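Close look at the chain arrangement
What follows is each chain in one-letter form.
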Number of protein chains: 2
Amino acid sequence: MLDAKHIVNLEEIVGKENVYSDKAHLIAYSYDATRTRFEPEAVVFPRHEEDVSRILVYCNHHKIMITPRGAGSGFTGGALPANGGIVLAMEKHMNQVLEIDMQNLVAVVQPGVINMDLQKAVEAVGLFYPPDPASEQYSTLGGNVSENAGGMRAAKYGITKDYVMALRAVRPNGDIIRAGKRTIKDVAGYNIAGIIIASEGTLAVITEITLKLLPKPKYVKAYMGIFPSVESAMNAVFKSLSAGANPVAMEFMDDLVVQALKIKLGIELPKDAGGLLIGDVDGNVIEEVAFQLETLERSFRENGVQDFIVAHTKEERDKLWIARRNASPSITIYGSKKLNEDISVPRSMLPEALKRIYAIGDRYGFKVPCFGHAGDGNIHVNVMVDGKDAKQLEAGHRCIEEIFELVVEMGGTLSGEHGIGTAKAPFMHIAFNAGELQLFKDIKMAFDPNNILNPGKMGL
Amino acid sequence: MLDAKHIVNLEEIVGKENVYSDKAHLIAYSYDATRTRFEPEAVVFPRHEEDVSRILVYCNHHKIMITPRGAGSGFTGGALPANGGIVLAMEKHMNQVLEIDMQNLVAVVQPGVINMDLQKAVEAVGLFYPPDPASEQYSTLGGNVSENAGGMRAAKYGITKDYVMALRAVRPNGDIIRAGKRTIKDVAGYNIAGIIIASEGTLAVITEITLKLLPKPKYVKAYMGIFPSVESAMNAVFKSLSAGANPVAMEFMDDLVVQALKIKLGIELPKDAGGLLIGDVDGNVIEEVAFQLETLERSFRENGVQDFIVAHTKEERDKLWIARRNASPSITIYGSKKLNEDISVPRSMLPEALKRIYAIGDRYGFKVPCFGHAGDGNIHVNVMVDGKDAKQLEAGHRCIEEIFELVVEMGGTLSGEHGIGTAKAPFMHIAFNAGELQLFKDIKMAFDPNNILNPGKMGL
């Protein structure tokens with residue numbers, strides 16, 4: 001437990017009403033989407049950047065560990081106080097959209113703003129913030145930046161890092177750092193924003209984010225390709241994209257997911273569908289949308305698509321997307337617990353990668369339903385086990401490790417969008433050599449010599 | 001001079017034919033586009049990554065300073081051995097396009113590849129590498145990445161950092177670092193590529209670059225807007241972009257540049273043109289190109305354009321672009337030496353920024369013709385002085401310093417695309433506070449504790 005004097009001193013900084021160390025709060029802030037639990041010793045709600053700076057100075061001096069937290073919706077433990085200390089929760093006060101600059105197509109937000117709230121605010125004025133992680137309804141932009149969140153629209157529009165123009169952040173020594181500008185070009189000094197993005201709260205505490213916005217495309221249509229096999233669908237992914245298609249999204253579901261959708265949710269899908277691709281295309285003019293659909297259909301047909309469906313109305317589009325939206329909840333028919341990973345490989349490796357991932361699953365006797373963002377090479381791989389069977393769980397983890405080894409061997413990455421946190425920290429050695437891991441440590445030390453910021457994450 | 005034993009030892013690593021310390025070579029490698037001169041003590045041509053690693057280990061041990069160099073075409077001294085030591089020149093051996101991966105839309109290149117050579121190679125197979133610095137005919141991709149080069153197409157397509165998917169680089173201790181992947185999403189570990197980009201060779205030596213490619217748009221047309229004043233042109237820039245236009249480029253020339261083009265080069269332009277905007281629009285379908293032109297024309301007319309011209313053929317397009325291509329050489333009519341800076345401000349600040357920049361010039365009695373990449377807020381500001389008049393030169397530098405102060409006050413940056421190097425190092429204190437400068441130093445120290453890599457740059 002945090003010494004009582006520290007509680008009093010923190011209360012002095014942020015006010016009594018913004019420091020909690022009662023059991024209920026400690027439990028409430030011990031979770032994220034991993035379902036692992038680490039209780040903090042206190043939860044502190046900073047009111048503004050100045051509070052953050054003063055808290056960091058205090059904690060740095062007393063070597064009290066700090067875990068910054070947005071919504072706690074991460075899949076890898078990034079927001080969990082793995083080594084105790086305080087949770088610095090941004091949701092209560094630092095949750096405002098500060099500005100939508102229509103003239104420069106920029107939004108300035110505090111880290112606790114929920115992704116969807118920004119999306120709605122900018123769409124109301126005809127603009128567009130593309131990054132749409134599956135958690136968009138509740139995850140915060142501070143968390144999105146810290147984990148470099150992806151989403152479905154990454155195939156065309158890229159990921160969070162592609163939209164961060166500037167950050168304000170506080171170093172453990174209390175220094176307030178302004179990184180980047182509200183300009184497209186800025187090459188003065190090191191790209192500090194670039195290294196803070198995806199650093200999982202281990203380098204600095206983000207206090208303000210300046211995000212690039214786009215004009216909202218006028219037309220969107222959805223498409224679905226029904227393929228006889230996973231392999232034909234996977235071939236269609238990279239072949240359609242290299243043929244010049246640029247869909248907003250290209251989401252994949254394999255045969256196991258298709259079966260599960262039919263069995264568990266009664267969703268109508270063709271009997272013999274061995275793989276689905278679902279996505280959107282968009283454009284400023286309807287002819288661009290038509291061009292995209294034609295390019296996709298041509299490539300899909302060359303790769304054996306059984307049926308190519310286009311949704312013209314909003315209702316038809318919602319209906320097409322039902323399958324994708326229910327992919328994750330449906331697959332529990334294969335096991336009570338899913339060990340879900342979000343590997344990413346170069347798109348042309350998808351057919352081979354999926355084949356070999358299924359083969360690994362077969363060797364362990366596990367079903368491994370796969371779905372996800374094929375258009376950018378990022379697949380959610382779900383090793384389904386009986387969560388109550390310790391042996392199965394352990395075998396499941398070995399199965400995952402083999403999958404990671406395969407993916408890295410194929411030029412892919414441990415994580416496309418979920419991050420490393422605590423969950424994937426044990427696997428860092430598969431992806432990085434000793435020199436690379438040492439460089440991570442050296443950078444961590446440069447920002448945070450006392451190792452107070454989110455220690456124990458990313459294998460640091 | 002480098003001790004003879006070091007020359008012998010370096011020759012042992014890369015071969016006698018790849019180490020030079022004769023006067024002719026030392027002079028040849030003492031220049032860049034700044035025209036400042038710093039002679040190295042030796043020039044070394046590594047054959048491959050392994051050479052780079054061995055050279056760095058050797059030099060790190062003996063504390064011999066190293067300046068990596070591409071074409072030496074930079075405007076801020078980034079490739080100059082400001083403190084002596086050796087120049088590590090990539091042009092001779094490490095200049096190959098290693099792969100154009102049509103399936104994943106990726107190119108893998110060595111740092112010494114010339115930008116235009118890559119552009120041509122990928123366009124030959126229907127692909128597109130957008131970053132096009134004015135030096136594209138001779139600057140290298142290693143230099144482009146090290147300075148985070150921009151160019152004309154940044155308005156729509158972004159800058160070099162938006163295309164770097166992965167790097168290989170060598171730390172001063174010889175460790176070979178692989179940063180990033182050939183995947184759109186990769187969030188495992190710190191974004192090392194992100195911090196090496198724009199670091200001007202001060203953190204690591206880049207040995208391989210993986211770049212994102214795009215399908216080449218099918219249609220391109222050029223437009224020109226002739227405005228009565230700089231202010232109306234500057235208003236048209238941000239108003240057309242916030243109205244949804246997304247031109248490839250939107251280049252600006254002010255009235256001084258227009259007059260110079262007419263007087264010096266006899267280029268036909270309207271008599272009373274007070275500002276020009278020239279650019280391209282592109283698309284996969286001709287209707288998208290038409291949509292872009294309509295959106296531009298509407299906004300331009302709302303801001304008082306006198307004439308809006310569209311070039312439909314390649315010949316017409318080349319003719320429209322003549323004015324922009326000759327902007328830089330034309331303005332010498334205002335002074336024998338131009339002190340050219342590449343400031344960048346949020347686009348909506350352009351009208352006010354230009355007005356105040358001219359006012360500063362007036363106070364000093366200098367003409368300050370401006371042109372450049374208005375579509376992304378990046379303007380080349382040229383303080384024209386008599387290069388043989390020491391007093392004028394000194395006043396010119398004070399004038400530049402005032403302009404920097406103004407730009408930073410308006411939320412802009414010292415450099416949009418040229419970098420800091422030695423040329424702008426004295427002005428870093430205007431843009432960054434003590435804590436920010438300290439962070440730069442801490443990061444430098446983390447990568448390069450002996451400070452052997454390109455010392456004296458960026459104010460470090």
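Residues numbered from 1 in each chain as written. Chains lettered and ligands numbered in written order. Predicted model: local features only at pLDDT ≥ 70, side-chain atom pairs only at ≥ 80, totals over all residues. Heavy atoms only, no water.

Residue and element names in this part refer to chain B. Bridge count for strand β5 (residues 97-101) against strand β6 (residues 106-109) is 4 bridges, and the pairing is antiparallel. Looking at β6, one finds that valine 97 is bridged to valine 109. Taking the residues that link successive antiparallel strands as the turn, the β5-β6 hairpin has 4 residues, and the phi of leucine 105 there is positive, at about 55°. (Pairing = 2+ DSSP bridges. Helix = DSSP H or I, 4+ residues; strand = E, 2+ residues; numbered from the N terminus.)

The next point concerns the interface of chain A and chain B. Every contact between the two is made by 83 residues of chain A and, on the other side, 83 residues of chain B. When chain A packs against chain B, the two sides together hide about 6,700 Å² of surface, and 59% of this comes from carbon and sulfur. Inspection of the chain A/chain B interface yields 8 salt bridges. Here glutamate 417 of chain B makes a salt bridge to lysine 185 of chain A, at a shortest N to O gap of 2.9 Å. Run the count over chain A and chain B and you get 32 residue pairs in polar contact (both at pLDDT 80 or more). When residues in the side of chain A that touches chain B are grouped by element, the largest group, 10 residues, is from helix α16 (residues 434-447) of chain A. (Contact = heavy atoms within 4.5 Å. Buried area = accessible area lost by both parts, 1.4 Å probe. Salt bridge = Lys/Arg side-chain N within 4 Å of Asp/Glu carboxyl O. Polar contact = N/O pair within 3.5 Å; in protein donor to acceptor, adjacent residues only side chain to side chain.)

The subject of this paragraph is helix α13 (residues 350-364) of chain B. All names here are of chain B. Here α13 spans 21 Å end to end across 15 residues, near enough to the 21 Å set by a 1.5 Å rise per residue. Restricting attention to buried positions, one finds in α13 the residues Leu350, Pro351, Ala353, Leu354, Ile357, Tyr358, Ile360 and Gly361. Where α13 ends, the next residue or the one after it, glycine 365, has phi of about 80°, a positive value. (Expected span 1.5 Å × (residues − 1). Buried < 20%, exposed > 50% of the residue type's maximum accessible area, 1.4 Å probe, protein only.)

On to the relation of the copies chain A and chain B. After a rotation of 180° and a shift along the axis of 0.0 Å, chain A superposes on chain B with an RMSD of 0.0 Å. Such values leave the two copies arranged in the relation of a two-fold axis. Across chain A, the smallest distance between a C-alpha and the rotation axis is recorded for glycine 194 of chain A, namely 2.5 Å. Both copies share a contact surface, since 100% of the interface residues of chain A are interface residues in chain B too. (Least-squares fit on C-alpha atoms with pLDDT ≥ 70 in both.)

Per the stated rule, a full pass over the model turns up 52 salt bridges over all chains. In this structure, arginine 301 of chain B and glutamate 297 of chain B form a salt bridge, with 2.7 Å as the shortest nitrogen-oxygen distance. Here the residue arginine 301 of chain B and the residue glutamate 297 of chain B both occupy positions in helix α10 (residues 286-302), the gap between them amounting to 4 residues, near one helical turn. The class for arginine 301 of chain B is partly exposed, based on a relative accessible area of 43%. A single salt-bridge network, built from bridges that share partners, covers Lys23, Arg37 and Glu39 of chain A.

Before going further, it helps to spend a moment on the sheet that holds strand β8 (residues 164-170) of chain B. Residue and element names in this part refer to chain B. Strand order in the open sheet formed by 5 strands is β5-β6-β10-β8-β9, with antiparallel pairing between adjacent strands. The strands lining the two open edges of the sheet, one partner per strand, are β5 and β9 (176-180). Each strand of the sheet is rotated relative to its neighbour by a mean of 10°, with strand direction disregarded. For β8 and β9, the ladder comprises 5 bridges, and the chain directions are antiparallel. Across the sheet, alanine 169 pairs through a bridge with isoleucine 177, a residue of β9. (Axes fitted to C-alpha atoms, helices over the stretch in contact; angles between N-to-C directions.)

Time to look at the domain arrangement of chain A. Along its sequence, chain A is organised into domain 1 (4-92), domain 2 (102-215), domain 3 (219-324) and domain 4 (329-431). Of note, the centres of domain 1 of chain A and domain 3 of chain A, computed from C-alpha atoms alone, are 44 Å apart. (Domains from an automatic or database assignment.)

All right, on to the packing of helix α1 (residues 4-14) of chain B against helix α3 (residues 49-62) of chain B then. Residues and elements named next belong to chain B. In the contact formed by α1 and α3, the axes pass within 9 Å of each other and the chain directions differ by 160°. Considering their axes alone, α1 and α3 lie roughly antiparallel with respect to each other. Handedness of the crossing formed by α1 with α3: right-handed. The segment α1 lies against α3, with Lys5, His6, Asn9, Leu10, Ile13 and Val14 engaging Asp51, Arg54, Ile55, Tyr58, Cys59 and His62. Of the residues belonging to the contact of α1 with α3, the class tally is 6 nonpolar, 3 polar and 3 charged. (Parallel < 35°, antiparallel > 145°, perpendicular 65-115°, else oblique. Left-handed = near helix turned anticlockwise from the far one by under 90°. Nonpolar A, V, L, I, M, F, W, Y, C, P; charged D, E, K, R; others polar.)

With that settled, the discussion passes to unusual backbone geometry. With a phi close to 55°, glutamate 200 of chain A is a non-glycine residue in the positive phi region. Summarising the element assignment, glutamate 200 of chain A is placed in the loop between α7 (192-196) and β10 (205-212). A relative accessible area of 3% means that glutamate 200 of chain A is categorised as buried. Of note, asparagine 148 of chain B is a non-glycine position whose phi angle comes to about 55°, a positive value. Here asparagine 148 of chain B lies in the loop between α5 (141-147) and α6 (154-157).

Following the criterion strictly, the structure yields 24 aromatic pairs over all chains and no others. On the numbers, 6.2 Å between centres and 15° between planes, the contact of tyrosine 223 of chain B with phenylalanine 308 of chain B is stacked. Of the two residues, tyrosine 223 of chain B is situated in strand β12 (residues 219-227) and phenylalanine 308 of chain B in strand β15 (residues 307-311); the sequence distance between them amounts to 85 residues. Of the residues examined, tyrosine 223 of chain B reaches a relative accessible area of 0% and is grouped as buried. Through a chain of ring-to-ring contacts, the aromatic side chains of Tyr223, Phe227, Phe300 and Phe308 of chain A assemble into a single cluster. (Phe/Tyr/Trp six-rings, centres within 6.5 Å; stacked < 30°, edge-to-face > 60°.)

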